[in-house]
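The residues making up each chain are set out below.
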Amino acid sequence: MKKTLAKAARQIDTSFETALERYFHEMDGEVPNNLYEMVIGRAERALFASVMERAQGNQTQAAKMLGVSRTTLRNKLTAYKLM
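Chains are numbered independently. Their residues run from 1 in the order of the written sequence. This being a predicted model, a pLDDT of at least 70 is required before a residue's local features are given, and a value of 80 or more before pairs of side-chain atoms are given or counted; all residues contribute to the totals for chains, interfaces and linings. Values shown for side chains rest on all heavy atoms present in the structure; no hydrogens or waters enter the calculation.

Caption draft 1: Helix α2 (residues 35–54), seen in detail. Think of it this way: any DSSP run of H or I at least four residues long counts as a helix, any run of E at least two long counts as a strand, and we number them from the N terminus. Here the expected span of a helix is defined as 1.5 Å times the quantity of residues minus one. Under the 1.5 Å per step criterion, the end-to-end length of α2 is 28 Å for 20 residues, consistent within 8% with the ideal 28 Å. Every buried residue of α2 is accounted for by V39, G41, E44, F48, V51 and M52. Next to the buried residues of α2 lie α1 (2–27), α3 (59–66) and α4 (70–79). Among the residues trailing α2, Q56 stands out with phi positive, at a value near 50 degrees. Partly exposed residues are those whose accessible area sits between 20% and 50% of the maximum for their type, while under 20% is buried and over 50% is exposed, using a 1.4 Å probe and protein chains only. By definition in these notes, contact holds between two residues if any of their heavy atoms fall within 4.5 Å.

Caption draft 2: Geometry of the environment of S50. Its location among the elements puts S50 in helix α2. Taking C-alpha positions, S50 is 9.5 Å from A62, a pair spaced twelve residues apart along the chain.

Caption draft 3: Quick peek at the packing of aromatic side chains. Aromatic rings from Phe, Tyr and Trp, with only the six-membered ring used for Trp, were paired whenever their centres fell within 6.5 Å, and each pair was classed as stacked if the ring planes differed by under 30 degrees, edge-to-face if by over 60, and tilted otherwise. Under the counting rule described, the total for this entry stands at one aromatic pair. On the numbers, 5.8 Å between centres and 70 degrees between planes, the contact of Y23 with F24 is edge-to-face. Its relative accessible area of 40% is what places F24 among the partly exposed residues.

Caption draft 4: Highlighting the nonpolar core. Nonpolar cores are built from buried Ala, Val, Leu, Ile, Met, Phe, Trp, Tyr and Cys residues. Side-chain atoms within 4.5 Å join them into one set. Listed in full, the eight residues of the largest apolar core are F48, V51, M52, A55, A62, A63, L73 and L77. At the level of secondary structure, the elements contributing two or more residues to this core comprise α2, α3 and α4. The element best represented in this core is α2, accounting for three residues. If we ignore the near neighbours within four places in the chain, the residues touching L73 are F48, M52, Q59, A62, A63, L66 and V68.

Caption draft 5: Up close: α3. Of the residues making up α3, those classed as buried are Q59, A62 and A63. Buried residues in α3, looked at end-on, bunch into an arc of 100 degrees, giving them a common side. Residues of α3 that are buried make contact with α2 and α4. Measuring from the backbone nitrogen of T60 back to the side-chain oxygen at the start of α3 gives 3.0 Å, which picks out N58 as the cap. Summarising the geometry, the arc corresponds to the directions from the helix axis toward the C-beta atoms. Identification of polar contacts relies on pairs of N or O atoms within 3.5 Å, with a donor-acceptor requirement for protein atoms, meaning one able to donate a hydrogen and the other able to accept it, and with residues adjacent in sequence counted only if both atoms are side-chain atoms.

Shape is all these values report; function is a separate question.
This is the structure in structure tokens:
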């Protein structure tokens, strides 16, 4: 099971790296602004959406899965317009 989870985590890493390579290629030499904020925001939105789906909308369960408080979860769901 640990090997399977490690492999899944590496797949996430690879997906991010591939997406960033594609992004920089599409930028065609332009220098990006606020790249950190953009990447973290998009990753976080996808994470919260996926966990909420996995938790079948149960905020208590989703917060526990994420290791955040329900208040933080609700703030993020509101910020990302997921509720």
